[in-house]
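Secondary and tertiary structure notes
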Amino acid sequence: MSLSLTVDGDRWRSHLRRVAQSTPGLVPVAKGNGYGFGIGRLARKTQWLGLDTLAVGTYVELPEVATRFDGDLLVLTPWRPFGPALEVDPAIVRRVIHTVSRPEDLGALRAHDPHARYVLELATSMLRHGMSGRQLRTLDLDAQRAGPGLEGIALHLPLEQGSHIGEVRRLLNDIVGSGVDTRTVWVSHLTPDELATLRTSYADFTIRPRTGTALWLGDRGALRVTATVLDVHPLERGDAFGYRSRTAPKSGHLLIVSGGTAHGIGLEAPTGESSLKARAATLARGGLDAVGFVRSPYSIDGKQRLFAETPHMQASMLFVPAGAHVPKVGDEIDVRVRYTATSFDSVTID
Amino acid sequence: MSSSPLNPPLSLRSASSAEHLAHIRSQPSASFLQTPAWALVKPEWRNESVVWERDGQIVGSALVLYRQLPRLKRYLAYLPEGPVIDWETDDLAGWLAPLAAHLEKQGAFGVRIGPPVVTRRWSAAQVKDGIADDAVRRLDDVPPLERGQAGACVVSQLHELGWRPQAVEGGFAAGQPQYNFQLPLDGRTEDDVLKGMNQQWRRNIKKAAKEGVVVTRGTDGSDLKAFHDLYVHTAERDGFTPRQLGYFTTMYDALSAEDPDRIVVHLAHHEADLVAATISIRVGTHSWYSYGASSTEKRDVRGSNAIQWAMISDALAAGCAVYDMRGITDTLDSDDPHVGLIQFKVGTGGEAVEYAGEWDLPLNKALYKAFDLYMKRRSS
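Per chain, the residues get numbers from 1 upward, laid out in the order the sequence is written. For naming, the first written chain is A and the first written ligand is 1, with later ones following in the order written. Only residues with pLDDT of at least 70 get local features here, since the model is predicted, and only at 80 or more are side-chain atom pairs given and counted; chain-wide, interface and lining totals rely on the full set of residues. Side-chain measures here rest on the full set of heavy atoms in the structure, leaving out hydrogens and waters.

A few words now on the overall build of chain A. Helix and strand labels come from DSSP, where a helix needs a run of H or I of at least four residues and a strand needs a run of E of at least two; each type is numbered from the N terminus. The helix and strand tally for chain A stands at 10 helices and 18 strands. Counting all 350 residues of chain A, 50% fall into the buried class. Residue contacts are defined here by distance: any two heavy atoms, one from each residue, within 4.5 Å place the two residues in contact. A separation threshold of at least 6 residues defines the contact pool for chain A, and within that pool the share at least 24 residues apart is 65%. Between the centroid of the 40 positive side chains of chain A and the centroid of its 37 negative side chains there is a distance of 4 Å. Think of it in three bands: with a 1.4 Å probe and only protein chains considered, a residue is buried below 20% of the maximum accessible area for its type, exposed above 50%, and partly exposed in between. Charged residues are defined here as Lys and Arg on the positive side and Asp and Glu on the negative side; His and the ends of the chain fall outside this count. We put the charge of a Lys on NZ, of an Arg on CZ, of an Asp on CG and of a Glu on CD.

Below, the structure written as structure tokens:
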């Protein structure tokens, strides 16, 4: 009766182990919906992998992972002198590594907690958070060296567009030029080849790759997402159905399946594709009821089926044209989802 | 590090050779390519001496060579291994902005500098191990012994200020090597230096002495001629194009006129035969081995090692901090023909150093782009 993620446990675990073994310094990322698995489960898996640090997105995510993983907890959202960053549970505060992205925040953090552990974030070409090379250079180094809290420099690179190596070299040069007393760099989004190149040229640095998608979702074949067929209604051409009383353009079957907007179905996360076609597809899905039927993420016997109307909160209506195979109530059908934007009713690991 | 707000601003003006030289002399060392005498070695280029002033005091200097664009009265202003300024500064903009403004007024469409700052160092042992290791092909594959903070800071600032790093390969014909091999002499004795050399070098130096190789300093034009004859012979054997005697005469006369110890010809004789000859140049505490030649006969008397040892001893006696064996390529590939030269230099027990390289600032974007394309086409 639900939207389910079923995981081939052996296959998934051996993939996780393979990534962990081939990626020295690996820092798994568990944030948001936990890539569909839930961040609590990912915290337990990080513990099982024997890794020393786990990264979370925000301070509010800390309690859920802290009880399931007992190593260090890196918070990716930069520390600010307000909000939940100031209310970290004293029981875990020594395990937390803060991200400091503005020079003024360093002083404020140290005033708030003189024993705070932190990484300094450098701005990359993504320009989200982070200081410039000049800001890093002109930080109050004495104040910084006074405490043992500096755990490294963080870089958040944009998604691959050609090679990152040139940019990373430039950023590492900024680190050397600043004189900061660390040679540990926490990086995201480097390919295995890029990491290997860096580990050769910068073997005097400790590189900590932060990895989410490539770790948890790196072996898609181990994952299967299914919905349950909840109801099946035959339709003649012209029959009215749905919240909006649309009429069927031709005869076939109306399928009611589990999974709706509450699960993230029909709510497109940006695919990251910027082609005209991809943008047109997104538009079409948004403007569903303006035109005819639109392709859904549900497929039956390998064929993607059309939405009969926009998804409801917990169920969706599909149209199966006459002549096609019609599944029975209770059957499971495959769904293609964006894992980072989907909440499953159940996650089963075989 | 000094920072600008505490200091009055810098200004820059054209200067006489005498003012320029006086500033060079006030420095512990500077590249010989930045001495006013070097302008006389490059008569095909217009040149200018400039100085930086702060509160009426000269605090920096540069030799600018103007390379003309074909058919246009516009120039690339080239400051080889310069300028001679405070490279430890955190306010590079304060130094470079007046330079760029001045050069633009002189008709420059772009500026090229070669900051004399070290970005990485590798020990002789690291280079040697790298050559022996098949997985290592370039210096970059080996983590350096040291990364220079001042050098990295210069690189960061040049990026910030819109300068562009120039690839070492190709490009400007006069481009200076980014990788050099140097023997540190600061605080060391002849004994220390000898102990740092590999066994083969020590054995060869001893052997040359036993065979009776005598190294002398040249005293007149005929010695320069003797160097040149052997150099032409070496060029034929090793397959490179030799420079004319006139180039060396000009260089010798210009540099000697500036300082009698600036340039020295060394000759190594075995009995009556000249077996090796070199030219060394010194500015302050920096001594360069610039040109070398060796005979094909009598290699077993080890004239090359003897003459190097004489130059190193001279540099030590002159109180030098660095004996500089000049450029190496960054290859550590044992199959590369260049590797032999590195291996010879590595035997001295010195270190490979990487400089920040050459950097360009376009002043006229369109002309600079055209020039860049032209140079790329020329080198390919």
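Having seen the model, we can carry on.
Right, let's get into the sheet that holds strand β10 (residues 213-217) of chain B. Residues and elements named next belong to chain B. The 9 strands are arranged β7-β6-β15-β9-β14-β13-β12-β11-β10 in an open sheet whose pairing can be described as mixed. Here the strands that pair on one side only, and so sit at the sheet edges, are β7 (146-147) and β10. When strand β9 (residues 179-184) meets strand β14 (residues 322-327), the two strands line up antiparallel, connected through 4 bridges. Of the residues in β14, the one forming a bridge with N180 is G327. Only the stretch in contact is used when a helix axis is fitted, and all axes are lines through C-alpha atoms; the angle between N-to-C directions ranges over 0 to 180 degrees. Running over the sheet, helix α8 (residues 221-238) touches β11 (263-270), β12 (273-283) and β13 (286-294) and is turned about 65 degrees from β13. For two strands to be treated as a pair, DSSP must find at least two bridges joining them.

Glancing now at the sheet that holds strand β2 (residues 46-54) of chain B. Residue and element names in this part refer to chain B. An order of β1-β2-β3-β4-β5-β16-β8 is seen for the 7 strands of this open sheet, with the pairing classed as mixed. Either end of the sheet is taken by a strand with one partner, and the two such strands are β1 (11-15) and β8 (164-165). Pairing of β2 with strand β3 (residues 57-68) involves 9 bridges; the strand directions are antiparallel. What sits directly across from R54, in β3, is Q57. The strands that helix α1 (residues 17-26) touches are β1, β2 and β3; relative to β3, the one it contacts most, it runs at about 120 degrees.

The next thing to look at is helix α7 (residues 165-178) of chain A. Between its first and last C-alpha, α7 of chain A extends 20 Å over 14 residues, near the 20 Å set by a 1.5 Å rise per residue. Of the residues one or two after α7 of chain A, G179 of chain A is the one with positive phi, at around 75 degrees. What a helix should span is 1.5 Å times the count of its residues minus one.

Close contact between α7 of chain A and helix α5 (residues 149-160) of chain B brings their axes to 7 Å; oriented N to C, the two are set at 130 degrees. By the criterion of interaxial angle, the relationship of α7 of chain A to α5 of chain B is oblique. The hand of the α7 of chain A/α5 of chain B crossing is left-handed. Contact residues: α7 of chain A offers R170, N173, D174, V176, G177 and S178 of chain A, while α5 of chain B offers Q149, A152, C153, V155, S156 and H159 of chain B. Here the nonpolar group is Ala, Val, Leu, Ile, Met, Phe, Trp, Tyr, Cys and Pro; Asp, Glu, Lys and Arg are the charged ones; every other residue, Gly included, is treated as polar. Along the lines of polarity and charge, the residues of the contact of α7 of chain A with α5 of chain B split into 4 nonpolar, 6 polar and 2 charged. Throughout, the term roughly parallel applies to angles under 35 degrees, roughly antiparallel to angles over 145, roughly perpendicular to angles from 65 to 115, and oblique to all others. Throughout, a crossing is termed right-handed when the near helix is turned clockwise from the far one, and left-handed when it is turned anticlockwise from it by less than a right angle.

Residues and elements named next belong to chain B. Helix length check: helix α10 (residues 303-317) (15 residues) gives 21 Å between terminal C-alpha atoms against 21 Å at 1.5 Å per residue, within 8%. Among the 15 residues in α10, 12 count as buried, and that is most of the element. Of the residues making up α10, those classed as buried are G303, N305, A306, I307, Q308, W309, A310, M311, I312, S313, A315 and L316.

To continue, consider the packing of aromatic side chains. All names here are of chain B. Any two of the Phe, Tyr and Trp rings considered here, Trp counted by its six-membered ring, make a pair once their centres fall within 6.5 Å; the pair's planes then place it as stacked at under 30 degrees, edge-to-face at over 60, or tilted in between. For the structure on display, the rule yields 20 aromatic pairs over all chains. Aromatic pair W122 and Y179: ring centres 6.3 Å apart, planes at 45 degrees, arrangement tilted. Note that W122 is positioned in strand β6 (residues 118-123) and Y179 in strand β9, a separation of 57 residues in sequence. With 5.1 Å between their ring centres and 80 degrees between their planes, Y231 and F248 make a pair best called edge-to-face. One end of the pair, Y231, is in helix α8; the other, F248, is in helix α9 (residues 245-258), with 17 residues separating them in the sequence. Per residue, the accessibility class of Y231 equals that of F248, and both read buried. Put simply, the rings of F227, Y231, F240, Y247, F248 and Y291 touch in pairs and so form one group of aromatic residues.

This next bit is on the pattern of salt bridges. Residue and element names in this part refer to chain A. Any carboxyl oxygen of Asp or Glu within 4 Å of a side-chain nitrogen of Lys or Arg constitutes a salt bridge here. Under the counting rule described, the total for this entry stands at 37 salt bridges over all chains. In this structure, R208 engages D52 in a salt bridge whose closest nitrogen and oxygen atoms are separated by 2.7 Å. Here the residue R208 occupies a position in strand β9 (residues 206-211), and D52 occupies one in the loop between α2 (39-49) and β3 (53-56), the gap between them amounting to 156 residues. Given a relative accessible area of 11%, R208 falls into the buried group.

A separate point is unusual backbone geometry. Here the amide bond leading from G82 of chain B into P83 of chain B is cis, since omega sits at 5 degrees, within 30 degrees of zero. One can find P83 of chain B in the loop between β4 (75-79) and α3 (92-105). A positive phi is found at D301 of chain A, a non-glycine position, where the angle reads about 50 degrees. Along the chain, the position of D301 of chain A falls in the loop between β14 (294-300) and β15 (303-307). One non-glycine residue with positive phi stands out, namely D55 of chain B, at about 55 degrees.

Residues qualify for a patch when their relative accessible area is over 30% and they have no salt bridge, like charges being joined within 9 Å and the nonpolar side chains of Val, Leu, Ile, Met, Phe, Trp and Tyr within 5 Å. Computed by Shrake-Rupley with a 1.4 Å probe, the accessible areas treat only the displayed protein chains as cover when residues are assessed. Among the surface-exposed residues, D129, D133, D134 and D335 of chain B lie close enough to one another that they form a single negatively charged patch. Counting through the fold element by element, D129 of chain B comes out in helix α4 (residues 124-132).

Time to look at the environment of P249 of chain A. Residues and elements named next belong to chain A. Checked against the element boundaries, P249 lands in the loop between β12 (246-247) and β13 (252-258). Residue classification places P249 among the partly exposed positions, given a relative accessible area of 44%. Non-local contacts of P249, meaning those with residues more than four positions away in its chain, are made with R237 and F293.

The subject of this paragraph is the interface of chain B and chain A. Accessible area lost when the parts come together is the quantity often used to give the size of an interface. Taken residue by residue, the interface counts 15 residues in chain B and 18 residues in chain A. Seen at the junction of chain B and chain A, the total is 6 salt bridges. The partner of R169 of chain A in a salt bridge is D140 of chain B, and the shortest N-O contact between them spans 2.6 Å. Any pair of nitrogen or oxygen atoms within 3.5 Å is treated as a polar contact; in protein, a donor-acceptor pairing is required on top of that, and neighbouring residues in sequence qualify only through side-chain atoms on both sides. One can count 13 residue pairs in polar contact (both at pLDDT 80 or more) joining chain B with chain A. A per-element tally of the side of chain B that touches chain A places α5 of chain B first, with 8 residues. Here the side of chain B that touches chain A is composed, by residue class, of 5 nonpolar, 5 polar and 5 charged.

In the predicted model, chain A carries a mean pLDDT of 90, and 90% of its residues have values of at least 70. What pLDDT expresses is the predictor's confidence in each residue, scored from 0 to 100. Of the regions scoring below 50 in pLDDT, residues 286-291 of chain A engages in 9 contacts with residues more than four places distant in sequence or in other chains.

Residues and elements named next belong to chain B. Mapped onto the elements of the fold, A315 is located in helix α10. Separated by 35 residues in sequence, A315 and S280 place their C-alpha atoms 9.6 Å apart. In contact with A315, not counting residues within four places along its chain, are L185, S287, C320 and Y323.

Another point: the nonpolar core. Among the buried residues, those of types Ala, Val, Leu, Ile, Met, Phe, Trp, Tyr and Cys that are joined through side-chain atoms within 4.5 Å form a nonpolar core. If you look at the biggest cluster of nonpolar residues, it comprises 91 residues, and the most contacted ones within it are W12, F37, L62, L120, W216 and Y298 of chain A. For this core, the leading source of residues is α7 of chain A, giving 6 residues. One finds A30, F32, Y247 and Y252 of chain B within the second-largest nonpolar core, a separate group that totals 34 residues.

Looking now at the confidence of the model for chain B. Residue and element names in this part refer to chain B. Here chain B averages 93 in pLDDT, and 96% of its residues register 70 or above. Taken together, the stretch residues 169-174 has pLDDT below 50 and engages in 15 contacts with residues farther than four places along the chain or on a different chain. Reported for the predicted complex are a pTM of 0.88 and an ipTM of 0.87.

On to the pairing of β2 of chain B, then. Regular strands show a simple pattern: their side chains alternate between the two faces of the sheet. Residue and element names in this part refer to chain B. Burial of β2 is extensive: 7 of the 9 residues sit out of reach of the surface. Pairing between β1 and β2: 5 bridges, direction antiparallel. Looking across to β2, one finds that A15 is bridged to S49. Linking two consecutive strands that pair antiparallel, namely β2 and β3, is a turn of 2 residues; a positive phi of about 55 degrees is found at D55 within it.

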